[in-house]
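# Observations on chain architecture
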Amino acid sequence: MTLYAYSLLSILGINIMLATSLNLISGFCGQFSLGHGAFYGAGAYAAALCAVAGYPVPVALLVGALVGGALGFVVGFASVRLREDFLVVTTIGVSFLFVGFVRKQKWLGAEMGISKIPASGLGPEGNAIMILLFAAATIALCLYLNRSWLGFAFRAVGDDEQAARTIAIPVSTYKLLAFTIGTAVAGLAGGLYTYFTQFIVPDSFTFILSVTLMAMVVIGGLGSTWGVVIAAIILTLLPEAFRFINDYRLLIYGGVLMLVMRFAPGGLAGIATSVTRRLRKA
Amino acid sequence: MTTLHVESVSIRFGGVQALTDVNFSVQKGEFVGLIGPNGAGKTTLLKIIAGILTPDTGRVMLEGEDVTRLPTAKRVRKGLAITHQIVRPFRSMTTLDNTALAAGYKITSNPLTAAFHWRRSQQSARAAEMLAKVGLAGLEDRDVSALPLGNLKRLEVARALALDPSIIILDEPLAGLNHREAERQADTLAALNAEGLTIVLIEHNLRELVRVSKRLLVLDGGKMIADGEPEHVMSDPAVREAYVGKADDHAAA
Ligand SMILES: Nc1ncnc2c1ncn2[C@@H]1O[C@H](COP(=O)(O)OP(=O)(O)O)[C@@H](O)[C@H]1O
Ligand SMILES: [Mg+2]
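What you see is a predicted model; the values in this text were computed from it and never measured.

### Here we look at the overall build of chain A
Counting its secondary structure elements, chain A contains 13 helices and zero strands. N-terminal to C-terminal, the α/β element order of chain A is α-α-α-α-α-α-α-α-α-α-α-α-α. Computed over C-alpha atoms, the radius of gyration of chain A comes to 18 Å, within 12% of the 19 Å expected from 2.2 N^0.38 for 282 residues, which places it in the range of a compact globule. For chain A, the spread of C-alpha atoms along the three principal axes comes to 55 × 45 × 35 Å. Within chain A, the fraction of its 282 residues that count as buried is 52%. Residue pairs at least 24 apart in sequence account for 80% of intrachain contacts in chain A once pairs closer than 6 positions are excluded. Roughly 12,400 Å² of accessible area belongs to chain A as shown, and the carbon and sulfur atoms make up 71% of that amount.

What follows is the structure, given as structure tokens:
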């Protein structure tokens with residue numbers, strides 16, 4: 001395979017991790033976050049600092065996940081107790097604050113970012129395999145959680161918080177847990193990205209990325225892990241095939257997001273379900 | 001033994017004094033009816049008991065313990081179950097799953113426990129039992145979005161019963177049921193009460209209420225205006241005044 005193919009596979013794996021972990025927060029548990037890119041970025045920077053300081057790959061990845069999850073915990077803690085839609089506002093703020101903050105920090109390389117990050121030592125092929133294995137593990141985790149009682153309760157929280165409370169579900173704890181797990185996976189994806197590019201800049205983690213990830217989740221179908229995986233693959237490959245999409249990313253994804261919400265709120269997964277239902281009837 | 005004790009509870013919404021110094025107790029094993037015209041404050045009182053609203057003054061005690069500051073989920077774990085007047089099913093689930101999730105309250109009360117459990121057969125069996133009890137047998141696999149209001153009202157009751165409560169407060173569970181169905185549902189509640197469940201029933205269906213409850217409480221304009229045996233309360237001039245004066249809106253409830 002060519003270097004380009006390995007790089008594409010790596011990006012696919014990272015986007016699958018980001019989209020399915022956001023789905024865990026928004027799809028399973030009904031909390032809309034438009035700041036997932038910031039937690040991804042926090043993990044990437046944390047892992048980069050570790051790598052530059054000479055720590056081994058597993059440590060840097062673990063620190064990336066911990067920093068992403070810790071930041072997620074703090075942001076979640078500050079907003080889950082408030083009104084249901086408050087998280088959207090907070091996470092948009094976090095998205096802009098993160099990039100604005102990093103741009104001004106000399107120790108994070110400011111606008112120039114962090115370069116000369118040591119290689120993982122696995123080579124492009126090894127990196128791609130490592131990333132795809134983590135993506136597979138993330139999918140497995142999401143599928144498992146969705147079948148467990150945790151996922152069962154998440155769905156209740158997503159449906160109706162007050163009703164969930166009246167059947168003894170501690171709603172705030174569940175929301176915070178979903179948010180922390182999801183942002184930790186984003187942080188881990190950030191660490192993987194660090195080793196993949198060996199060069200990170202603030203602009204890789206902007207609000208546009210967060211909107212793109214939300215588009216993957218909504219287009220795939222909120223709550224459907226496989227739907228979101230497919231949407232992540234499509235939305236990663238399309239801009240590669242058609243360069244103009246990249247130039248108008250925010251416009252196109254934003255537009256598609258609105259159209260899906262209006263006309264097919266179940267996303268790809270919803271469309272697949274209704275088609276199979278109709279075929280079975282016929 | 002006192003199961004529920006409400007002490008000088010008051011609450012105000014903007015310009016509306018919804019409840020004023022409300023006091024009452026419910027003993028273990030009682031079947032109490034709570035009536036009052038529309039807007040009297042019945043649902044507000046239920047929400048305060050359940051911890052959905054916090055009163056401006058006063059306190060709520062469950063089994064002798066002050067729970068005024070306790071969140072809803074913790075009160076439910078202490079044995080309190082409620083049903084909603086405006087039904088609130090989990091829309092993405094079947095009738096059975098709605099109830100099975102409630103039956104798994106011991107698992108879901110801690111998310112870490114929930115993460116390491118996946119089998120549902122025991123809770124589903126218990127849920128099916130509760131659904132049969134309220135007259136929803138055969139509808140286990142229905143999406144709740146396809147159910148008529150009367151069935152959603154029954155689902156509220158099934159879901160609450162699946163929590164193994166020691167006291168249940170029901171907010172107009174008979175609305176949406178016809179005469180025969182309401183009668184059967186009231187009989188079900190009476191049977192549960194005979195088995196030891198303490199019940200507070202908020203209802204506009206006075207015929208059923210007087211038939212099954214052994215004590216009536218009357219709220220009017222946020223104040224408790226009567227408390228006693230049903231026959232006695234119903235002949236109280238103040239109660240008749242509250243109802244006759246507002247006969248129109250009580251029918252619309
Ligand atoms: N959340 C709220 N905000 C403002 N006013 C409310 C709210 N909930 C109830 N009320 C008012 O409080 C009064 C009591 O309402 P409610 O408890 O629903 O009465 P009931 O259940 O007896 O019909 C009504 O005047 C109602 O308009
Ligand atoms: Mg009411």
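Next comes the rest of the description.
### A look at the sheet that holds strand β9 (residues 215–220) of chain B
Residues and elements named next belong to chain B. Taken together, the six strands give an open sheet; going across it, the order is β6-β7-β8-β3-β9-β10, and neighbouring strands pair in mixed fashion. Only two strands of the sheet have a single neighbouring strand rather than two, namely β6 (80–82) and β10 (223–228). Strand-to-strand twist of the sheet, defined as the mean angle between neighbouring strand axes without regard to direction, takes the value 15 degrees. As defined by bridge partners, strand β3 (residues 31–35) adjoins strand β8 (residues 198–202) across four bridges and the pair is classed as parallel. Following the sheet pairing, Val-32 is matched in β8 by Val-200. Here helix α7 (residues 149–161) sits on the sheet and contacts β6 and β7 (167–171); the angle it forms with β7, its principal contact strand, is near 165 degrees.

### Here's the deal with the pairing of strand β2 (residues 16–27) of chain B
Residue and element names in this part refer to chain B. In this sheet, β2 lies alongside strand β1 (residues 2–13) in antiparallel orientation, the contact comprising eight bridges. By the bridge assignment for β2, Phe-13 is matched with Val-16. In textbook terms, the turn of a hairpin is the stretch between consecutive antiparallel strands, and for β1 and β2 this stretch comprises two residues, one of which, Gly-14, has a positive phi near 55 degrees.

### Let's talk about the coordination of the magnesium ion (ligand 2)
Coordination of the magnesium ion (ligand 2) by the protein is provided by Thr43(B) (OG1) and Gln85(B) (OE1), with metal-donor distances spanning 2.0 to 2.1 Å. Of this pair, Thr43(B) sits in helix α1 (residues 42–50) while Gln85(B) sits in the loop between β6 and α3 (95–103), and the two are 42 residues apart along the sequence.

### Some details on the interface of chain B and chain A
Each side of the interface is counted separately: chain B has 33 residues, and chain A has 24 residues. Interface of chain B and chain A: buried area, both sides summed, is about 2,600 Å²; carbon and sulfur atoms make up 66% of it. Among the residues of chain B in contact with chain A, Phe90(B), Pro111(B) and Arg120(B) are the three that bury the most area, contributing 22% of the side total. Two residues, Arg88(B) and Asp160(A), come together in a salt bridge whose shortest N-O distance is 2.9 Å. Linking chain B with chain A are eleven residue pairs in polar contact (both at pLDDT 80 or more), by the criterion used here. When contributions to the side of chain B that touches chain A are tallied by element, the ones reaching two or more residues are α2 (72–77), α3, α4 (105–108) and α5 (111–115) of chain B.

### Remarks on the nonpolar core
Core analysis: the largest hydrophobic core is formed by 68 residues, its most contacted members being Ile169(A) and Leu101(B). At seven residues, the largest contribution of residues to this core is made by helix α6 (residues 149–159) of chain A. Residues in contact with Ile169(A), not counting those within four places in the same chain, are Ala153(A), Ala156(A), Val157(A), Ala164(A), Tyr174(A), Ala73(B), Leu101(B) and Thr108(B). In this structure, Leu188(A), Phe205(A), Leu213(A) and Met216(A) belong to the second largest nonpolar core, which totals 62 residues.

### Structural notes on unusual backbone geometry
Look at Lys116(A): it is not a glycine, yet its phi comes out positive at around 55 degrees. Mapped onto the elements of the fold, Lys116(A) is located in the loop between α4 (86–104) and α5 (123–147). The backbone of Glu172(B) shows a phi angle near 50 degrees, a positive value even though the residue is not glycine. The exposure class of Glu172(B) is buried, given its relative accessible area of 3%.

### A word on the site of ligand 1
All names here are of chain B. All residues adjacent to ligand 1 are Phe-13, Val-16, Ala-18, Pro-37, Asn-38, Gly-39, Ala-40, Gly-41, Lys-42, Thr-43 and Thr-44. Gly-39 places a main-chain nitrogen or oxygen 2.8 Å from an oxygen atom of ligand 1. Taking 560 Å² as the accessible area of ligand 1 by itself, protein coverage stands at 60%. Taken together, the elements giving at least two residues each to the shell around ligand 1 come down to β2 and α1. At three residues, α1 tops the list of elements feeding residues into the shell around ligand 1. Considering only residue class, the shell around ligand 1 consists of five nonpolar, five polar and one charged.

### Examining the confidence of the model for chain A
Averaged over chain A, the pLDDT score is 91; the fraction of residues at 70 or greater is 99%. At the level of individual helices and strands, chain A shows its lowest average pLDDT in helix α11 (residues 243–247) of chain A, which scores 74, and its highest in helix α2 (residues 36–52) of chain A, which scores 97.

### Section: the environment of Phe77(A)
Looking at the secondary structure, you find Phe77(A) in helix α3 (residues 57–79). It is 31 Å that separates the C-alpha atoms of Phe77(A) and Gly255(A), two residues lying 178 residues apart in sequence.

### A closer look at the packing of aromatic side chains
Residue and element names in this part refer to chain A. Applying the stated rule across the entire model yields 13 aromatic pairs over all chains. With centroids separated by 6.3 Å and ring planes inclined at 70 degrees, the aromatic side chains of Tyr-45 and Phe-98 adopt a geometry described as edge-to-face. Residue Tyr-45 is located in helix α2, and its partner Phe-98 is located in helix α4; the two are separated by 53 residues in the primary sequence. By relative accessible area, which is 12% here, Phe-98 ends up buried. Plain terms: the ring middles of Phe-154 and Tyr-174 are 5.9 Å apart, the flat faces sit at 90 degrees to each other, and that makes the pair edge-to-face.

Each value, and the rule that gives it
- Residues numbered from 1 in each chain as written.
- Chains lettered and ligands numbered in written order.
- Predicted model: local features only at pLDDT ≥ 70, side-chain atom pairs only at ≥ 80, totals over all residues.
- Heavy atoms only, no water.
- Helix = DSSP H or I, 4+ residues; strand = E, 2+ residues; numbered from the N terminus.
- Rg over C-alpha atoms; globule rule 2.2 N^0.38 Å.
- Buried < 20%, exposed > 50% of the residue type's maximum accessible area, 1.4 Å probe, protein only.
- Contact = heavy atoms within 4.5 Å.
- Areas by Shrake-Rupley, 256 points an atom, 1.4 Å probe, with all protein chains shown as cover.
- Pairing = 2+ DSSP bridges.
- Axes fitted to C-alpha atoms, helices over the stretch in contact; angles between N-to-C directions.
- Donors = N, O, S within 2.8 Å, 3.2 Å for Na, K, Ca; no water.
- Buried area = accessible area lost by both parts, 1.4 Å probe.
- Salt bridge = Lys/Arg side-chain N within 4 Å of Asp/Glu carboxyl O.
- Polar contact = N/O pair within 3.5 Å; in protein donor to acceptor, adjacent residues only side chain to side chain.
- Core = buried A, V, L, I, M, F, W, Y, C linked by side-chain atoms within 4.5 Å.
- Near = heavy atom within 4 Å.
- Nonpolar A, V, L, I, M, F, W, Y, C, P; charged D, E, K, R; others polar.
- pLDDT = per-residue confidence, 0-100.
- Phe/Tyr/Trp six-rings, centres within 6.5 Å; stacked < 30°, edge-to-face > 60°.

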